[in-house]
There are 2 protein chains.
Amino acid sequence: MANGICNTLESSRMKNIAIALDAMGGDHGPKVIVPAALMVLKECAELCLILVGDSDQLRKELVIHRAQENERLVIHHASECVAMNEPPSQALRGKKDSSMRVAIDLVKQGKAQACVSAGNTGALMAIARFVLKTLPGIDRPAILAKLPTMVPDKPVRVLDLGANVDSSAEHLFQFAIMGAVLAEAVDNITAPKVGLLNIGEEEIKGNEQVKRTAQLLADNSYINYLGYVEGNVIFQGKFDVVVCDGFVGNVALKASEGVAKMVAGYMKQAFRRNLLTKLIGLCALPILKQLGRKIDVDRYNGASLLGLRGIVIKSHGSANVKAFRNAIREAIKEVNKNVPERISSKLDELLGEEAA
Amino acid sequence: MANGICNTLESSRMKNIAIALDAMGGDHGPKVIVPAALMVLKECAELCLILVGDSDQLRKELVIHRAQENERLVIHHASECVAMNEPPSQALRGKKDSSMRVAIDLVKQGKAQACVSAGNTGALMAIARFVLKTLPGIDRPAILAKLPTMVPDKPVRVLDLGANVDSSAEHLFQFAIMGAVLAEAVDNITAPKVGLLNIGEEEIKGNEQVKRTAQLLADNSYINYLGYVEGNVIFQGKFDVVVCDGFVGNVALKASEGVAKMVAGYMKQAFRRNLLTKLIGLCALPILKQLGRKIDVDRYNGASLLGLRGIVIKSHGSANVKAFRNAIREAIKEVNKNVPERISSKLDELLGEEAA
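As the structure is a computational prediction, the values presented were derived from the model and not from experiment.

Here is what the cut-offs are and how they apply
Residues numbered from 1 in each chain as written. Chains lettered and ligands numbered in written order. Predicted model: local features only at pLDDT ≥ 70, side-chain atom pairs only at ≥ 80, totals over all residues. Heavy atoms only, no water. Pairing = 2+ DSSP bridges. Helix = DSSP H or I, 4+ residues; strand = E, 2+ residues; numbered from the N terminus. Right-handed = clockwise from strand over helix to strand, strands pointing away. pLDDT = per-residue confidence, 0-100. Contact = heavy atoms within 4.5 Å. Buried < 20%, exposed > 50% of the residue type's maximum accessible area, 1.4 Å probe, protein only. Axes fitted to C-alpha atoms, helices over the stretch in contact; angles between N-to-C directions. Parallel < 35°, antiparallel > 145°, perpendicular 65-115°, else oblique. Nonpolar A, V, L, I, M, F, W, Y, C, P; charged D, E, K, R; others polar. Least-squares fit on C-alpha atoms with pLDDT ≥ 70 in both. Buried area = accessible area lost by both parts, 1.4 Å probe. Salt bridge = Lys/Arg side-chain N within 4 Å of Asp/Glu carboxyl O. Polar contact = N/O pair within 3.5 Å; in protein donor to acceptor, adjacent residues only side chain to side chain.

Take the pairing of strand 3 (residues 73-77) of chain A next. All names here are of chain A. In terms of strand pairing, strand 2 (residues 47-53) meets strand 3 through five bridges, oriented parallel. The partner of Val52 across the bridge, within strand 3, is His76. In this view, the connection linking strand 2 to its parallel neighbour strand 3 by way of helix 3 (residues 55-64) has right-handed handedness.

The structure is reproduced here in structure tokens:
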């Protein structure tokens, strides 16, 4: 995978990529973000990473890892930090020198081609939207994440996962375009299969917003629209992109996480019951670990904030080093494939068709 | 559990309970429903079950189980059958002698105190609503199901699971009342903890409908409202009742099922890989089965259609004998506790308070 990224990187026309990392964000801050940055730098020779945050703390963290600042690993000081539970409006208005804000500012100024943050999602979206603005033709940015499916190595992209509530049919339609462009550009999927999340597969099912969106998608020449997707079908590997309102997507994603955690918890309990079950558990551990890799959420860490005039990747707040590394890799891929520009030109093309 | 039900039954003032079973409904029809009925009849001496459906087929099924019609097991012929994928409007208007319709008619006529069906959910809701009507003060009936949580034997009740899309704050408020009354009456929970499904725990999160509902719930004297619930928290055992719109609830429930199936699928694959893993799997099987019992969906089979002037229980379409038995048990409990009347009088009481 690492090679894959670097190959793409090297074959790309953009030789020198700079990515700004909100080094203070997430549950673990520099302790996770610094070693993850060092890992990715080893993988990709043409990459520059900008660690944005408290310079003293960041320098100390570099020392721990026997590393130091250089032309490919730059510290950019920021005096403030957005708390994980801080209201987005407060982070946006009150903390103009936060590591999150400064990292996004670097993208705006063209000093970085992307920003990665494990911080407060609401604040990240609010600041990114304010600083970078949305693409022409996009009313609202959306959050897209890849989730594992029953088919190994065939993740599904789901959007929106919580940036928008009360999305209209037009918004959902824009999400579909953005998701399909991303799947095509970044994951090389030809004519990505797009589905619309609903409470049944039959045409009569659903609310007004979903029914209208279905019409818009079916009428569109670019979207390979396959119809409605029920909640359980998300994970069957039949669709490349699943579109939904952010309220629904967020609840579905978190409910899925909750169930997976419950199953894992009961499994641990069951194997811990007595000496015999513990012994069997020990034997089964490598098998269960292999299972864990199949549905590995770390592997897919790095949600995309799509629809902005710039690339912003949101890492899970509790990401470990490996997971945060994957979020940086996702940013590299999107920079390489110039996702915002592709979304923009696809929208232009579709608007042109409509006008013709 | 069986004894518990019969004890409640015997101590109740309603000595003779009759329950109408839509014997043709579900993926398996009489093959599952007849043996499930025979099982429950053995548990409860004061119970009469009415098998509604094709009498020839039902008689044949009874012969297979060496049983026959008697005063406690009555066959009520119905010439038609609602297909699992039939549009509700067609089932409602076109099939007046379907097993589903006749079973609900029996409740309306007072010949049965409840109806249990594993058939098409949309059709069941449409017919039940048309025949039985909603309770005074209830605008829309809702579907409530119990789901397992991380705390053993502490299920959570979630409603609505798909009867309604685009629910207003008033609808959600009514769902909360119905859910709390059910938890109190049927499961003997004092001051059931009620939560509202949302995309964050903070007050500012969510759509307009959720924010307004939160206000209504917080202002109410009866509801023990604990605040917003995120998707993952549903399964943590912190809440007795979780309220949501049917679109969101349906997607969350099905997504959870989808993830559980994906994990189980990968687990099977992992244990089947080679002879050694198969051997370990064989040893681990009893442990994994015990785990299965903890999160046993069969155990909680039997969703309640709440808000109607009568008791209607929806079994999962693919229910096996044990699961369908549990749906009948749920019906017995609700008859015993007279759930519709309790909901009605709670609404009267609250309206009285408001007027005072």
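Moving on to the confidence of the model for chain A. Regions with low pLDDT carry predicted coordinates that are not meant to be interpreted in detail. Summing up the model confidence of chain A, the mean pLDDT is 90 and the portion of residues at 70 or higher is 94%. In this model, residues 7-14 of chain A is a region of pLDDT below 50 whose contacts with residues beyond four sequence positions or in other chains number 14 contacts.

The next point concerns unusual backbone geometry. Trans is the prevailing form of peptide bonds, just as negative phi is the prevailing case for residues other than glycine. All names here are of chain A. Asp160 follows Leu159 through a cis peptide bond whose omega is 5°. Summarising the element assignment, Asp160 is placed in the loop between strand 6 (156-159) and helix 7 (169-187). With a phi close to 50°, Arg66 is a non-glycine residue in the positive phi region. For Arg66, a relative accessible area of 80% corresponds to the exposed category.

Residues and elements named next belong to chain A. Here helix 7 crosses helix 11 (residues 321-336) at 95°, and the two axes come no closer than 9 Å. On the basis of their axis angle, the class for helix 7 and helix 11 is roughly perpendicular. Here Leu182, Val186 and Asp187 of helix 7 lie close against helix 11, whose contacting residues are Glu330, Lys333 and Glu334. Partitioning the contact of helix 7 with helix 11 into residue classes produces two nonpolar, no polar and four charged.

What follows concerns the pairing of strand 5 (residues 142-147) of chain B. Residues and elements named next belong to chain B. Counting buried positions over the six residues of strand 5 gives six, a clear majority of the element. Here strand 5 shows no split at all, with Ala142, Leu144 and Lys146 on one side and Ile143, Ala145 and Leu147 on the other all buried. As paired elements, strand 5 and strand 10 (residues 303-306) share three bridges and run antiparallel to each other. The residue of strand 10 that forms the bridge with Ile143 is Leu305. For strand 5 and strand 6 (residues 156-159), the ladder comprises four bridges, and the chain directions are antiparallel. By the bridge assignment, Ala145 is partnered in strand 6 with Val158.

Next up on the list: the relation of the copies chain A and chain B. Both copies of the chain are related by one operation, a rotation about an axis with a shift along it. The operation relating chain A to chain B is a screw motion whose rotation component is 180°, with 0.0 Å of axial translation and a residual RMSD of 0.1 Å. Such a turn and shift between the copies fits a two-fold axis. Most of the interface of chain A is mirrored in chain B, where 100% of its interface residues are also at the interface.

Right, let's talk about the interface of chain A and chain B for a bit. Listed per partner, the contact involves 53 residues of chain A and 53 residues of chain B. Around 4800 Å² of area is buried between chain A and chain B when both sides are counted, 78% of it from carbon and sulfur atoms. Considering only the surface of chain A that becomes buried against chain B, Ile199, Phe247 and Tyr266 of chain A emerge as the three largest contributors, covering 15% of it. Across the chain A-chain B interface, the total number found is two salt bridges. Inspection of the region where chain A meets chain B yields ten residue pairs in polar contact (both at pLDDT 80 or more). Secondary-structure elements contributing two or more residues to the side of chain A that touches chain B are helix 8 (208-218), helix 9 (246-271) and helix 10 (275-294) of chain A. Considering each element in turn, the side of chain A that touches chain B owes the most residues, 20 residues, to helix 9 of chain A. Split by residue class, the side of chain A that touches chain B holds 32 nonpolar, 14 polar and seven charged.

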